[in-house]
Amino acid sequence: MNYSYERVSTKSQDERRQEISLDAYKIDKRYIDKLSGKNTERPELNKLMLDVKKGDNVYIESISRLGRNVDDLRKLTEFFKDKGAVLHFVKEGFSTEGTTYKFMLTILGAVAEMEREMIVDRVNEGIEKAKQFGTKSGKPIGRPERELPKNFERYYPKYKSGELTGVEFAKLLQISRATLYRNLKEFER
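(A) The overall build of the protein chain, seen in detail. For the protein chain, the helix and strand inventory stands at eight helices and five strands. Shown N-terminal to C-terminal, the secondary structure of the protein chain runs as helices and strands in the order β-α-β-α-β-α-α-β-β-α-α-α-α. Excluding contacts between residues fewer than 6 apart, the proportion of contacts in the protein chain whose partners are at least 24 apart in sequence is 58%. Put simply, the protein chain shows about 12,600 Å² of open surface, and 51% of that area lies on carbon and sulfur atoms.

See below:
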């Protein structure tokens with residue numbers, strides 16, 4: 001039998017993003033978990049582990065969809081290998097047939113784990129920065145106001161009277177037109 005295993009990170013996320021073409025691999029049964037990778041309970045993966053038999057093929061969109069980290073990935077891969085099933089990692093283009101898969105699994109699994117840790121670090125840094133400025137939404141509530149460029153107030157009357165165009169005004173201040181218009185909007189409030 002040919003199975004597919006898919007894991008989407010949230011209930012609202014669309015699994016079609018990682019759906020394996022049913023025609024290309026002739027998938028007999030799909031298992032889809034809709035929960036984050038840090039969640040230890042993966043009911044559909046558990047069902048797949050019970051259903052899989054010797055000679056079966058399991059197609060997985062990417063190694064990051066199967067294991068939460070390198071150790072978990074290795075453990076799961078060995079489980080399926082011991083049962084006589086072959087795992088096919090579609091995105092990475094390799095399977096657990098032969099012996100070279102262990103090297104690929106370790107390297108690519110470590111890269112995926114590192115990427116995930118970097119994303120978590122960036123999110124946490126963003127949250128801390130938002131707390132520092134008194135906001136959760138990313139909107140500038142409580143943030144210090146931007147300072148106007150040097151000479152802004154000097155050239156502003158000439159711009160308002162039509163002596164300077166927006167392009168000329170921006171060039172004099174050595175800023176982009178988008179920045180100029182943002183500054184004008186804030187200044188004129």
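(B) The environment of I27, seen in detail. On the secondary structure map, I27 appears in the loop between α1 (22-25) and β2 (29-34). Separated by 26 residues in sequence, I27 and M1 place their C-alpha atoms 7.8 Å apart.

(C) Up close: helix α4 (residues 70-82). With 13 residues, α4 extends 18 Å between its outermost C-alpha atoms, agreeing within 8% with the 18 Å of an ideal straight helix rising 1.5 Å per residue. Listed as buried for α4 are V70, D72, L73, L76, T77 and F80. Looking straight down α4, one finds its buried side chains confined to an arc of 160 degrees; they lie on one side. Opposite its buried face, α4 presents the exposed residues D71, K75 and D82, each directed more than 90 degrees away. Elements that come into contact with the buried residues of α4 comprise α2 (43-51), β3 (57-60), α3 (63-66), β4 (86-89) and α5 (101-132). In the segment just after α4, G84 is the residue with positive phi, at about 90 degrees.

(D) Molecular detail of the pattern of salt bridges. Summed over all chains, the structure comprises six salt bridges. E6 is the partner of R30 in a salt bridge, and the nearest nitrogen-oxygen pair spans 3.0 Å. Of the two residues, R30 is situated in strand β2 and E6 in strand β1 (residues 2-8); the sequence distance between them amounts to 24 residues. With a relative accessible area of 0%, E6 lands in the buried category.

(E) Looking closely at the sheet that holds β2. If you trace the five strands from one edge of the open sheet to the other, you get β2-β1-β3-β4-β5, paired in mixed fashion. Whereas interior strands pair on both sides, the edge strands pair on one side only; in this sheet they are β2 and β5 (94-95). Where β4 meets β5, two bridges bridge the pair, whose relative direction is antiparallel. Residue H88 lies in a different strand from β5, and its bridge partner there is S95.

(F) Just helix α7 (residues 166-173), in detail. Within α7, burial applies to G166, F169, A170 and L173. The buried side chains of α7 occupy one side of the element, clustering within an arc of 95 degrees when seen end-on. Of the surrounding secondary structure, the elements contacted by the buried residues of α7 are α6 (152-161) and α8 (177-188). Positive phi shows up at Q174, right after α7, with a value of about 60 degrees.

About the criteria used
Residues numbered from 1 in each chain as written. Predicted model: local features only at pLDDT ≥ 70, side-chain atom pairs only at ≥ 80, totals over all residues. Heavy atoms only, no water. Helix = DSSP H or I, 4+ residues; strand = E, 2+ residues; numbered from the N terminus. Contact = heavy atoms within 4.5 Å. Areas by Shrake-Rupley, 256 points an atom, 1.4 Å probe, with all protein chains shown as cover. Expected span 1.5 Å × (residues − 1). Buried < 20%, exposed > 50% of the residue type's maximum accessible area, 1.4 Å probe, protein only. Arc of directions from axis to C-beta. Salt bridge = Lys/Arg side-chain N within 4 Å of Asp/Glu carboxyl O. Pairing = 2+ DSSP bridges.

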